[in-house]
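Structural description and commentary
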Amino acid sequence: MLEPTAPRRKAPLDTRHQVETPEGIDLPLRPAGLMVRAVAFAIDLGIRGLILGVLFIALAFLGKLGMGLGSLLLFAISWWYMVLFEVLRQGRSPGKQWMGLRVVHDDGTPIGWSASLLRNLLRFVDLLPFGYFLGALSCLQHPTFKRLGDIAAGTLVVYSERPLSRPQLPDAEPRRCPVPLTLSEQRAVLGFAERQAELSPARVNELAALLAQPLHISAPKAVAEINGIAHGLLGPTP
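Everything numeric in this text was worked out from a predicted model, so none of it was measured. (Residues numbered from 1 in each chain as written. Predicted model: local features only at pLDDT ≥ 70, side-chain atom pairs only at ≥ 80, totals over all residues. Heavy atoms only, no water.)

Next up on the list: the overall build of the protein. Looking only at helices and strands, one finds 10 helices and 4 strands in the protein. Taken from N to C terminus, the helices and strands of the protein fall in the order β-β-α-α-α-β-α-α-α-α-β-α-α-α. Within the protein, the fraction of its 238 residues that count as buried is 32%. Within the protein, contacts between residues separated by at least 24 positions form 63% of all contacts whose residues are at least 6 apart in sequence. Looking at the protein as shown, the accessible area adds up to about 16000 Å², and 65% of this sits on carbon and sulfur atoms. (Helix = DSSP H or I, 4+ residues; strand = E, 2+ residues; numbered from the N terminus. Buried < 20%, exposed > 50% of the residue type's maximum accessible area, 1.4 Å probe, protein only. Contact = heavy atoms within 4.5 Å. Areas by Shrake-Rupley, 256 points an atom, 1.4 Å probe, with all protein chains shown as cover.)

If you want it as structure tokens, here you go:
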């Protein structure tokens, strides 16, 4: 008799990574892939090279003292550049910020000193045997595109979510609606005002005529009246 086989696990439809906060809220994160991370790293590498080049030119006038200081600066910038930016700027080095990325812990919390130090110290492992071979291989194989340093430190490179902004409402004098509105009716009024720029004038007038009767406003001035009600619902703007 054949034993029933376990159902095959379906591949994820996207690359979103869900984590649950201590408050029980699902937090979606979007891990960054190999190419965008490589571009961010190249930007940071170029910035470090530019900084070191300028400093070495200035220190060349100090002779042997300049050579000693240059060695210290080379060590400090090579190893602390990424750590300081990641910890002090919410996981964003200049290259990551340029590409819209940031580093976080696996649970979505901001990266700390120990995790940042570990993931950056282990870059020498990711570099083996040459040209970030092990790091690139790990990114391509891992479901959330982690290099070896990220796996050891429990960190994740994700896209920074841009804050949502409400669409601008058409100019109108705020006014109070003649009748009490339910929550769904308030949403309908705000949706009408927010989407006007995307609609043709004929469609705007058609929708305004539909809203005019339940709102107890005159049809000829429905568009301006509804826009005024929408401003009144949002209240005064700062």
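Turning our attention to the UniProt feature "transmembrane region" (unreviewed entry) in the protein. Mapped onto this numbering, the UniProt entry gives "transmembrane region" (unreviewed entry) at residues 38–62 and 68–88. Span residues 38–62 is 88% helix and 0% strand, its end C-alpha atoms 36 Å apart. Structurally, residues 68–88 comprises 100% helix and 0% strand, and the distance from its first C-alpha atom to its last is 28 Å. (UniProt positions renumbered as here; feature names shortened; annotations may be inferred.)

Our focus in this paragraph is a nonpolar patch on the surface. Taken together, the side chains of F75, W79, W80, L84, L88, W113, L121, F124 and L127 present a nonpolar region at the surface, about 910 Å² in accessible area. Every element with two or more residues in the nonpolar patch is listed here: α2 (64–88) and α4 (113–121). Looking at the nonpolar patch element by element, the count peaks at 5 residues for α2. Structurally, W113 is set in helix α4. (Patch = residues over 30% accessible without salt bridge, like charges linked within 9 Å, V, L, I, M, F, W, Y side chains within 5 Å. Salt bridge = Lys/Arg side-chain N within 4 Å of Asp/Glu carboxyl O.)

Our next topic: the pairing of strand β3 (residues 101–105). Of all 5 residues making up β3, 4 are buried, and the element is well covered by its neighbours. As judged from the 5 bridges shared by β3 and strand β4 (residues 155–159), these two strands associate in the antiparallel manner. Each bridged residue has a counterpart across the sheet, and for L101 the counterpart in β4 is Y159. (Pairing = 2+ DSSP bridges.)

Our next topic: the side chain of H231. Among the secondary structure elements, H231 is positioned in helix α10 (residues 222–234). With relative accessibility at 17%, the residue H231 sits in the buried group. Of note is the side chain of H231, whose polar atom sits 2.6 Å from the backbone oxygen of P170. Ignoring anything within four residues of it in the chain, the contact list for H231 reads L169, P170, D171, A172 and P174. (Polar contact = N/O pair within 3.5 Å; in protein donor to acceptor, adjacent residues only side chain to side chain.)

Turning our attention to the layout of surface pockets. Take a probe with the size of a water molecule and roll it over the atoms, and the empty space left behind shows itself. The volume enclosed by the largest pocket comes to roughly 270 Å³. Surrounding the largest pocket, 16 residues form its lining, R37, A38, F41, R123 and Y132 being those nearest its centre. The set of elements that each furnish at least two residues to the lining of the largest pocket consists of α1 (34–59) and α6 (133–141). The dominant element in the lining of the largest pocket, judged by the number of residues it contributes, is α1, at 5 residues. Of the residues in the lining of the largest pocket, the class split is 9 nonpolar, 2 polar and 5 charged. Contributing to the lining of the second largest pocket are 14 residues, with F41, R48, S78, W79 and R123 lying nearest its centre. Taken together, the elements giving at least two residues each to the lining of the second largest pocket come down to α1, α2 and α5 (123–126). (1 Å grid on protein atoms, 1.4 Å probe; cavity = no way out; pocket = protein on both sides within 12 Å on 5 of 7 lines; lining within 4 Å. Points joined across faces, edges and corners; volume = space filled by probe spheres on them. Nonpolar A, V, L, I, M, F, W, Y, C, P; charged D, E, K, R; others polar.)

All right, on to the pattern of salt bridges then. Under the criterion given, the structure shown has 8 salt bridges. A salt bridge links R37 to D150, with the shortest nitrogen-to-oxygen separation between them at 2.8 Å. Of the two residues, R37 is situated in helix α1 and D150 in helix α7 (residues 148–153); the sequence distance between them amounts to 113 residues. Judged on exposure class, the residue R37 and its partner D150 are both buried. Between D126 and R147 there is a salt bridge, with the nearest N and O atoms lying 2.6 Å from each other. Of the two residues, D126 sits in helix α5 while R147 sits in the loop between α6 and α7, which places them 21 residues apart along the sequence. Judged by its relative accessible area of 0%, D126 falls in the buried class. Each of R37, E86, K96, R119 and D150 takes part in salt bridges that share partners, so that together they form one network.

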